[in-house]
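# A structural walkthrough
Single-letter residue listing:
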Amino acid sequence: MTDTPDLTRFEPPEYLLAKLNTQIRELMHFALRPYGLKLVEWRVLQCLLHEDQVHTVADLAELAVIERTATSRLIDKMAARGLVAKEALENDRRFMRITITEAGRTAYEAADKAAQSARQRLFAGLSDDDITQMLRMLHQMQANSERPQHLAQVLPIRATAS
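One structure accompanies this document, and this report is about it. Since the structure is predicted, the reported quantities are computational estimates derived from the model, not experimental observations.

### A short note on the overall build of the protein chain
Scanning the protein chain from N- to C-terminus turns up seven helices and two strands. In sequence order, the secondary structure elements of the protein chain are arranged as α-α-α-α-β-β-α-α-α. Out of the 162 residues belonging to the protein chain, those deemed buried represent 25%. Within the protein chain, counting contacts between residues at least 6 apart in sequence, those at least 24 apart form 49% of the total. As displayed, the protein chain offers around 12,400 Å² of accessible surface, 54% of which is attributable to carbon and sulfur atoms.

Written as structure tokens, this is what we have:
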């Protein structure tokens, strides 16, 4: 088992991750703006390219990492623009199946080259091994943060009233 690192010796990694997330969003917005797409719209369209899967608003919220209520509003706006279509599921009419339209596919394909160019810029100077190691570490950190039993280890112990 790996020893717990002394994080006081390092610049706060969570700060760097938050800052990097902001910078990535800005980079991608800059790349996608000329195509009339926002990063979240591009990501939703990317998720919908796999037509063999049924996608609901809840599915897209999880896949695109967007709050569920925000995803619902986003899908409504994208449907109004003709990028996606909504139809009630046959087995449960309360839920909508979201699909990409031809206009959505065209918009995605037009913007994808710019998005991939932005991604290339982001990862410039990193080898395949660097990216593999980074992904392994990010997945481990994600797994660590998803384990509720670990919260007991980081939350301060509260004195109980007698």
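### A closer look at the packing of aromatic side chains
Taken as a whole and assessed by the stated rule, the structure comprises one aromatic pair. Look at Trp42 and Tyr108: their rings are 5.7 Å apart centre to centre, the planes differ by 15°, and that puts the pair in the stacked class. Taken as a pair, Trp42 in helix 2 (residues 39-48) and Tyr108 in helix 5 (residues 102-122) lie far apart in primary sequence, 66 residues in all. Each member of the pair, Trp42 together with Tyr108, is buried.

### Some words on the environment of Ala111
Relative to the assigned elements, Ala111 resides in helix 5. For Ala111, a relative accessible area of 0% gives the class buried. When the C-alpha positions of Ala111 and Gly36 are compared, they lie 8.7 Å apart, and in sequence the two are 75 residues distant. Look past the residues within four positions of Ala111 in its chain and what remains in contact with it is Leu32, Tyr35, Leu37 and Trp42.

### Digging into the nonpolar core
Of all hydrophobic cores here, the largest spans 28 residues; its most connected members are Leu37, Trp42, Val44, Leu45 and Val84. Secondary-structure elements contributing two or more residues to this core are helix 1 (13-32), helix 2, helix 3 (57-64), helix 4 (68-80), strand 2 (96-100) and helix 5. Those residues in contact with Val44 that sit more than four places away from it in its chain are Leu60, Ala64, Ile66, Leu74, Ile75 and Met78.

Here is what the cut-offs are and how they apply
Residues numbered from 1 in each chain as written. Predicted model: local features only at pLDDT ≥ 70, side-chain atom pairs only at ≥ 80, totals over all residues. Heavy atoms only, no water. Helix = DSSP H or I, 4+ residues; strand = E, 2+ residues; numbered from the N terminus. Buried < 20%, exposed > 50% of the residue type's maximum accessible area, 1.4 Å probe, protein only. Contact = heavy atoms within 4.5 Å. Areas by Shrake-Rupley, 256 points an atom, 1.4 Å probe, with all protein chains shown as cover. Phe/Tyr/Trp six-rings, centres within 6.5 Å; stacked < 30°, edge-to-face > 60°. Core = buried A, V, L, I, M, F, W, Y, C linked by side-chain atoms within 4.5 Å.

By themselves, these are just geometric observations and shouldn't be taken as functional.
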